[in-house]
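# Results of the structural survey
Chain residues, written in single-letter form:
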Amino acid sequence: MTHPYLTIDLDKIEHNARTLVDLCRAHGIEVMGVTKATGGHPEVAKAMLRGGVASIGESRLEHIHRLRDAGVDTPCALLRLPALSGVEEVAAEVGLSLNSELAVLEGLSRAACERGRVHEVILMVDLGDLREGLWPDDLVPFAGEALALPGIRIAGLGTNLACLGGVVPSEANMRRLVALAEELERSLDLELRWISGMNSSGLDLLASGGLPHRVNHARLGEAILLGRETTHRRPWPGTFQDAFVLHAEVLELKRKPSVPLGERAEDAFGHLPAFEDRGEILRALLNIGREDVYVEGLTPLDGRLKVLGGSSGYLVLDATAGGLRVGDRVAFLPSYSALLQAMTSVNVEKRPLRGQEREGSIA
Ligand SMILES: *Cc1c(COP(=O)(O)O)cnc(C)c1O
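Every value quoted in this text rests on a predicted model; they were computed, and no experiment measured them. (Residues numbered from 1 in each chain as written. Predicted model: local features only at pLDDT ≥ 70, side-chain atom pairs only at ≥ 80, totals over all residues. Heavy atoms only, no water.)

## Points about the site of the ligand
- Surveying the vicinity of the ligand reveals 13 residues, the closest of which are Lys-36, Ser-200, Arg-219, Gly-221 and Glu-222.
- A distance of 2.6 Å is found between an oxygen atom of the ligand and a side-chain nitrogen or oxygen belonging to Lys-36.
- Here the ligand, which alone exposes 390 Å², has 94% of that area covered by the protein. (Near = heavy atom within 4 Å. Polar contact = N/O pair within 3.5 Å; in protein donor to acceptor, adjacent residues only side chain to side chain. Areas by Shrake-Rupley, 256 points an atom, 1.4 Å probe, with all protein chains shown as cover.)

This is the structure we're talking about:
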């Protein structure tokens, strides 16, 4: 087959999960493994579970179906806010979801009651990242109304940082989260099982001891998958950064100038790219492009190769120093964006590997 392919080293994912679960456990935190960047890949979820995560979090019901169909019977939580039009399905299929809208909770309540179920929710509060969540001032009155809904149990309070606004988790915003949780508990006379304060951006704060003790739940995706905390994208000690490696094939290899000839206008994507004049270079064209992957998020494992750009079907490399031949496979580490796109591309074959099948460590 001529498809580009992505190898998935399941042993490394398991190892990364175990490293982070152990760290979190030492701080009294339970870990939910987040598989959304892999499109709910069942083998990835199973590797995370072998590594000790307590549950799986997913952003889409379709991914949760995929996990279930493949025999993952661990509790799955829906991380993206449920759609009002989807409350029936959510109440029928998942036990826990994150929420911030009363109309949706009312729908979930009705749907849960019809099924004789209790649907657990973590209420989301926005501490400044400006993605999902209630504004803090609205939290107590909102929770009061939610509490009155039959079939709904408020299991916790959560927040999500560093996703849209790039707001860094800090002692101050985590203390605020705990204070809000305690205010909820006091004013509504309830006990919150979870204070879900962190994703992969919280690891530095956790390791430095700056996370308040009552924060007891983490939702970790990128840190397990790519071995990085996400405020500076630094490799996390004791984890692998190369569990996922993307491979594409050289289709053409030619000496050509480094700067285009002739009058220039926009490229195929509406940009006017800049080119550095390095004289004649050896240019390699590979069988992967923007249709399959976020080209800017690819780092060749061979440091002598350089990504010059891509169109829908081609990736172009400066291979002057690479010793490549037509037909060779070139390996790349994907960023989170590149991983997300490659995992969901129908043109990229996924090759999960375990034990004997692994091609040896590259780290
Ligand atoms: C994606 C997501 C996560 C996981 O984030 P990472 O940075 O990959 O750890 C956690 N919580 C929510 C609500 C998410 O949408």
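## Some words on a nonpolar patch on the surface
- Among the surface-exposed residues, Leu-130, Trp-135 and Leu-164 lie close enough to one another that they form a single nonpolar patch of about 360 Å² accessible area.
- Along the polypeptide, Leu-164 turns up in the loop between strand E7 (152-158) and helix H7 (171-188).
- For Leu-164, a relative accessible area of 61% puts it in the exposed group. (Patch = residues over 30% accessible without salt bridge, like charges linked within 9 Å, V, L, I, M, F, W, Y side chains within 5 Å. Salt bridge = Lys/Arg side-chain N within 4 Å of Asp/Glu carboxyl O. Helix = DSSP H or I, 4+ residues; strand = E, 2+ residues; numbered from the N terminus. Buried < 20%, exposed > 50% of the residue type's maximum accessible area, 1.4 Å probe, protein only.)

## Some details on the nonpolar core
- Ile-13, Leu-105, Leu-157, Ile-224, Phe-244, Leu-246 and Leu-286 are the most contacted members of the largest nonpolar core, which has 94 residues in total.
- The two domains that each donate at least three residues to this core are domain 1 (10-226) and domain 2 (244-353).
- Leave out the neighbours within four places in its chain, and Ile-13 touches Ile-8, Val-44, Ala-47, Met-48, Ile-224, Ala-243 and Phe-244.
- If you look at the next biggest cluster of nonpolar residues, it comprises ten residues, including Met-32, Ala-77, Ile-122 and Ala-155. (Core = buried A, V, L, I, M, F, W, Y, C linked by side-chain atoms within 4.5 Å. Domains from an automatic or database assignment. Contact = heavy atoms within 4.5 Å.)

## What about the packing of helix H6 (residues 139-147) against H7?
- Look at H6 against H7: their axes get within 10 Å of each other, and the N-to-C directions meet at 50°. What the angle tells us is that H6 and H7 run oblique. In the packing of H6 onto H7, the handedness of the crossing is right-handed. Two secondary-structure elements touch here, H6 through Leu-139, Val-140, Ala-143, Gly-144 and Leu-147 and H7 through Leu-180, Glu-183, Leu-184, Ser-187 and Leu-188.
- Of the residues in the contact of H6 with H7, the class split is seven nonpolar, two polar and one charged. (Axes fitted to C-alpha atoms, helices over the stretch in contact; angles between N-to-C directions. Parallel < 35°, antiparallel > 145°, perpendicular 65-115°, else oblique. Left-handed = near helix turned anticlockwise from the far one by under 90°. Nonpolar A, V, L, I, M, F, W, Y, C, P; charged D, E, K, R; others polar.)

## Re the pairing of strand E8 (residues 194-198)
- When you tally the buried positions in E8, you get five out of five residues, the bulk of the element.
- Pairing geometry for E7 and E8, over three bridges, is parallel. Across the sheet, the residue bridging to Leu-157 is Ile-195, located in E8.
- Regarding topology, H7 serves as the crossover connection from E7 to the parallel E8, and that connection is right-handed.
- Across two bridges, the pairing between E8 and strand E9 (residues 217-220) is parallel. Following the sheet pairing, Ser-196 is matched in E9 by His-217. (Pairing = 2+ DSSP bridges. Right-handed = clockwise from strand over helix to strand, strands pointing away.)

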